[in-house]
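Residues per chain, in single letters:
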Amino acid sequence: MIASFGDTKGFLIDGYPREIKQGKAFENKIGEPSLVLCLDCSTEIMSSRLLKRSQNSQRIDDNADTIVKRIENYYQALEPVIAYYEQKTQLCKINAEGTPEEVFLQVCTSINSFLKKEEAASCLSTEIQ
């Protein structure tokens, strides 16, 4: 990532960090993220989607009881990470209860908005110098 950083506007990292310790390690090696997206939906929606996925997957652990436990663990681990990034950087929560297309549009809109703000700030700092 460090070697390619100059050639891109940034990187999208999915599902990371899962705990604050991972986030801090990333910041020490790569740098602090400028934007963190959090796709948020209710436990019921998440459970329903995972149960649907289980119909097509061959994962033995994709059953209602295991899914409920995994969701509980996910939220327990995620709460401190969200709080950490709310204080440190721009955290953008996306309502992920809609269709995949609606959620994707919200993600694209959030990223585009962020990039426009970054570009405007960069232009402003160049003008001041």
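Residues numbered from 1 in each chain as written. Predicted model: local features only at pLDDT ≥ 70, side-chain atom pairs only at ≥ 80, totals over all residues. Heavy atoms only, no water.

As annotated in an unreviewed UniProt entry, the chain is Nucleoside-diphosphate kinase from Sphenodon punctatus. Within the UniProt record for the chain, the comment given under Sequence similarities (unreviewed entry) is "Belongs to the adenylate kinase family." (UniProt positions renumbered as here; feature names shortened; annotations may be inferred.)

Trainee: Would you explain the packing of helix α1 (residues 20-29) against helix α3 (residues 64-88) in this entry?
Mentor: Geometry of a packed helix pair, given as the angle between the helix axes and the separation of the axes. Relative to each other, α1 and α3 sit at 40 degrees, their axes nearing to 9 Å. The orientation of α1 with respect to α3, classified from their angle, is oblique. Between α1, through Ile 20, Gly 23, Lys 24 and Glu 27, and α3, the contact on the second element is made entirely by Pro 80, Val 81, Tyr 84, Tyr 85 and Lys 88. Within the contact of α1 with α3, the residues separate by chemical class into five nonpolar, one polar and three charged. (Axes fitted to C-alpha atoms, helices over the stretch in contact; angles between N-to-C directions. Helix = DSSP H or I, 4+ residues; strand = E, 2+ residues; numbered from the N terminus. Parallel < 35°, antiparallel > 145°, perpendicular 65-115°, else oblique. Contact = heavy atoms within 4.5 Å. Nonpolar A, V, L, I, M, F, W, Y, C, P; charged D, E, K, R; others polar.)

Trainee: Even after reading the chapter, I still don't get the environment of Lys 9, so can you show me in this structure?
Mentor: The topology assignment puts Lys 9 in the segment before α1. In this structure Lys 9 comes out as exposed when scored by relative accessible area, which is 71%. Put simply, Lys 9 and Leu 115 are 106 residues apart on the chain and 8.4 Å apart in space, counted from C-alpha to C-alpha. (Buried < 20%, exposed > 50% of the residue type's maximum accessible area, 1.4 Å probe, protein only.)

Trainee: How should I be thinking about a nonpolar patch on the surface in this particular structure?
Mentor: A grouping of Met 1, Ile 2, Phe 11, Ile 13, Tyr 16 and Ile 30 is seen on the molecular surface, where their side chains present a nonpolar patch of about 530 Å² in accessible area. Among the structural elements, Phe 11 can be located in the segment before α1. For Phe 11, a relative accessible area of 39% translates into the label partly exposed. (Patch = residues over 30% accessible without salt bridge, like charges linked within 9 Å, V, L, I, M, F, W, Y side chains within 5 Å. Areas by Shrake-Rupley, 256 points an atom, 1.4 Å probe, with all protein chains shown as cover. Salt bridge = Lys/Arg side-chain N within 4 Å of Asp/Glu carboxyl O.)

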